[in-house]
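Summary of structural features
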Amino acid sequence: MAMADPVYTLADFDFELPPELIAQHPAAQRSASRLLDGTGAVPVDRIFHDLPGLLNPGDLLVFNDTRVIKARLFGEKPTGGAVEALVERVLPHNEVLAHLRASKSPRAGTRVRFADGAFEAEVLGRSGPDGGLFHLRFPADPLALLDAHGHVPLPPYITHADGAEDVSRYQTVFAQRPGAVAAPTASLHFDDAVLAALAARGVQRANVTLHVGAGTFQPVRSETLAEHQMHSEWYEVGQDTVDAIHRTRAAGGRIVAAGTTTLRALESAALGGPLTAGARETDIFITPGFHFRVVDRLITNFHLPKSTLLMLVSAFAGHAHARALYRHAIESGYRFFSYGDAMLLDRQTP
């Protein structure tokens, strides 16, 4: 008689993390970060520039080519009250959806002055399933205004204000398509030398785009995982990437996802069965028991306790194995979260 899958609750994804292991700055060199090789039963401590030797010629490494925008703005209401905005999504017609922090939420019709009066945005109303986002109209192209006046949207656990280091390092070296408000952090470790070594090794490359939203940092608060409402993100998987995956599979190669955002895009594009090219929204919530159709191997950073991304990693590598790797990482002083170290995982066999 087959054993039923275990039922996990929120407590199964909690752990104690010493605060000093939360990386506040990136490693001096991108590929000098540590890499925990979790592909075997026993973890192996490596350096990220070892990665090319851990992949095979003919493997396909898929990246998320999203570009982080300077999504954080500071301003004030007509009353003089301070406002902090985090642009979540850029819409047509110079409009955006944004999180707003203020002592009193501005009403529709209010004009908020941003960047010491450099420009004003009109509040059009509230948006989202719980009204948690504000619909704003900018006076010109939002991407241009954000680039000129915005700040790097560093995660809430990074305590310093953004600076020149963050402009370059909270961005991948291959970022192309602007729209993310959080970096695809597993790809922050790649530099030109590692990319060249991968190419020399015969590892192929492909791209997807998933514009990472601020919801990626939100913890799950319901003890029953099925009650959690995932945030929605826009992604695109091109036909060229679908074709590359099919060629790799036919030749016996593995599909390696650089980061959980890449994995979410690929698995979202295969939820209906065959992998399908296209652009759409996804609110995929990957927890243990999920049936992976595309990705064989995952490169990922270390994630927040009780987070959807830790649940994804546990689904991919196996809950017990993931917990053991996290224990090893903490005992060995690995650096956690966005500017932290990385881990290499194989998909567990059902």
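Here, every reference points to the structure presented above.
Going along each chain's sequence as written, the residues are numbered from 1 onward. Given that this is a predicted model, residues contribute local features only at a pLDDT of at least 70 and side-chain atom pairs are listed and counted only at 80 or more, while totals for whole chains, interfaces and linings are drawn from all residues. The basis for every side-chain value is the complete set of heavy atoms in the structure, and neither hydrogens nor water enter the calculation.

1. Considering the sheet that holds strand S14 (residues 255-258)
When DSSP finds two or more bridges between two strands, those strands count as paired. Numbering goes from the N terminus for both helices and strands, where a helix is a DSSP run of H or I of at least four residues and a strand is a run of E of at least two. Taken in spatial order, the nine strands make up an open sheet running S2-S1-S17-S16-S14-S3-S12-S13-S15, and their pairing is mixed. Of all strands in the sheet, those with a lone pairing partner are strand S2 (44-47) and strand S15 (278-282), marking the two edges. The mean angle between the axes of side-by-side strands here comes to 25°, regardless of whether they run parallel or antiparallel. Residues count as neighbours in contact if any of their non-hydrogen atoms are within 4.5 Å of one another. Axes here refer to lines fitted to C-alpha atoms; in helices the fit is confined to the stretch in contact. Angles between the N-to-C directions go from 0 to 180 degrees. On the sheet, helix H7 (residues 308-317) packs against strand S16 (297-301) and strand S17 (342-346) and is oriented at approximately 40° with respect to S17.

2. As for the packing of H7 against helix H8 (residues 319-331)
In a pair of packed helices, the angle between the axes and the distance between the axes together describe the arrangement. As a packed pair, H7 and H8 sit with axes 6 Å apart at the nearest point and diverge in direction by 120°. What the angle tells us is that H7 and H8 run oblique. Once H7 is placed against H8, the crossing between them reads as right-handed. Contact residues: H7 offers Leu 310, Val 313, Ser 314 and Ala 317, while H8 offers His 319, His 321, Ala 322 and Tyr 326. Relative orientations are named as follows: roughly parallel for angles under 35 degrees, roughly antiparallel for angles over 145 degrees, roughly perpendicular for angles from 65 to 115 degrees, and oblique for any other angle. Here a crossing is called left-handed whenever its near helix is offset anticlockwise from the far helix by less than a right angle, and right-handed whenever the offset is clockwise.

3. A look at the layout of surface pockets
Site definitions follow a grid-based scheme: protein atoms alone, a 1 Å grid, a 1.4 Å probe that fits but cannot get out for cavities, and for pockets an open set with protein on both sides within 12 Å along at least five of seven lines, plus lining residues having an atom within 4 Å of a point. Grid points are joined across faces, edges and corners, and a volume is the space filled by probe spheres set on the points. Taken as a whole, the largest pocket spans an internal volume of roughly 1000 Å³. As for the largest pocket, its lining consists of 34 residues, and the residues nearest its centre are Glu 88, His 99, Ala 214, Gly 215 and Gln 218. Among the elements of the structure, strand S5 (72-76), strand S6 (82-90) and strand S7 (95-102) are those that each provide at least two residues to the lining of the largest pocket. By residue number, the principal contributor to the lining of the largest pocket is S6, which donates five residues. When its residues are assigned to classes, the lining of the largest pocket shows 16 nonpolar, 11 polar and seven charged. Lys, Arg, Asp and Glu make up the charged group, whereas Ala, Val, Leu, Ile, Met, Phe, Trp, Tyr, Cys and Pro make up the nonpolar group; the residues left over, Gly among them, are polar.

4. Some points on the packing of aromatic side chains
For any pair of aromatic rings, geometry is given as the distance between the ring centres together with the angle between the planes. Put simply, two rings from Phe, Tyr or Trp (the six-membered ring, in Trp's case) pair if the centres are within 6.5 Å, and we call them stacked under 30 degrees between planes, edge-to-face over 60, tilted for the rest. As enumerated under the stated definition, the model contains 17 aromatic pairs in all. Where Phe 114 meets Phe 119, the ring centres are 5.7 Å apart and the plane angle is 40°; that geometry is what we call tilted. A relative accessible area of 5% places Phe 119 in the buried class. An angle of 75° between the planes, with centres 5.9 Å apart, marks the rings of Tyr 326 and Phe 336 as edge-to-face. Of this pair, Tyr 326 sits in helix H8 while Phe 336 sits in the loop between H8 and S17; the two residues are 10 residues apart in sequence, bridging distant segments of the chain. For the exposure calls, accessible area comes from a 1.4 Å probe over protein chains only, and a residue counts as buried if that area is under 20% of its type's maximum, exposed if over 50%, partly exposed in between. With relative accessibility at 0%, the residue Phe 336 sits in the buried group. Here a set of aromatic residues connected by ring pairs shows up, and it is made of Phe 15, Tyr 157, Phe 302, Tyr 326, Tyr 334, Phe 336 and Phe 337. Criterion for a charge above a ring: Arg CZ or Lys NZ at most 6 Å from the ring centre, at most 35 degrees from the ring normal. Just above the ring of Tyr 334 sits the side chain of Arg 34; from NZ or CZ to the centre is 3.8 Å.

5. Comments concerning the pattern of salt bridges
Whenever Lys or Arg places a side-chain nitrogen within 4 Å of a carboxyl oxygen from Asp or Glu, that contact is recorded as a salt bridge. All told, the structure shown has 16 salt bridges when counted by the stated rule. We note a salt bridge from Glu 122 to Arg 137, for which the minimum N-O separation is 3.2 Å. Highlighted residues: Glu 122 in strand S9 (residues 119-127) and Arg 137 in strand S10 (residues 133-137), separated in sequence by 15 residues. Residue classification places Glu 122 among the partly exposed residues on the basis of a relative accessible area of 24%. Its relative accessible area of 34% is what places Arg 137 among the partly exposed residues. Close ionic contact of Asp 296 with Arg 249 constitutes a salt bridge, the shortest N to O distance being 2.7 Å. Of this pair, Asp 296 sits in the loop between S15 and S16 while Arg 249 sits in helix H5 (residues 239-250), and the two are 47 residues apart along the sequence.

6. Focus on the side chain of Asp 341
As for its position among the elements, Asp 341 is in the loop between H8 and S17. Residues scored as positive are Lys and Arg, those scored as negative are Asp and Glu, and His as well as the terminal groups of each chain are ignored. Arg 335 provides the closest opposite charge to the buried, salt-bridge-free Asp 341, at an N-O distance of 4.6 Å. In terms of polar contacts, Asp 341 uses its side chain to reach the backbone amide nitrogen of Arg 34, at 2.9 Å. With residues up to four places along the chain from it excluded, the contact list for Asp 341 reads Ser 33, Arg 34, His 189, Asn 301, Phe 302, Tyr 334 and Arg 335. Polar contact is the term for a pair of N or O atoms within 3.5 Å; when the atoms are in protein, one must be able to donate a hydrogen and the other to accept it, and sequence-neighboring residues count only if both atoms are side-chain atoms.

7. As for helix H4 (residues 192-201)
All buried positions along H4 are accounted for by Val 194, Leu 195 and Leu 198. Taken end-on, H4 shows its buried residues confined to a sector of 100°, consistent with a single buried face. Seen from the buried face of H4, the exposed residues on the opposite side, beyond 90 degrees, are Asp 192, Ala 193, Ala 199 and Ala 200. Here the buried face of H4 lies against helix H1 (51-54), strand S3 (60-64) and strand S12 (204-210). Phi turns positive one or two residues past the end of H4, at Gly 202, with a value near 95°. The arc in question is traced by the directions running from the helix axis to the C-beta atoms.

8. A few points about the sheet that holds S6
The antiparallel closed barrel is built from six strands, whose spatial order is S5-S6-S7-S10-S9-S8. Averaged over all adjacent pairs, the angle separating strand axes in this sheet is 45°, with direction ignored. Most of the contacts of helix H2 (residues 142-149) go to S6, to which it runs at about 135°, and overall it touches S5, S6, S7 and S9.

9. Points about the side chain of His 211
When you line up the elements, His 211 lands in the loop between S12 and strand S13 (233-237). When its relative accessible area of 17% is taken as the criterion, His 211 is described as buried. Among the polar contacts listed, one links the side chain of His 211 to the backbone oxygen of Pro 178, at a separation of 3.5 Å. If near-sequence neighbours (up to four positions away) are discounted, His 211 is found in contact with Thr 66, Arg 177, Pro 178, Gly 179, Ala 180, Glu 233 and Trp 234.

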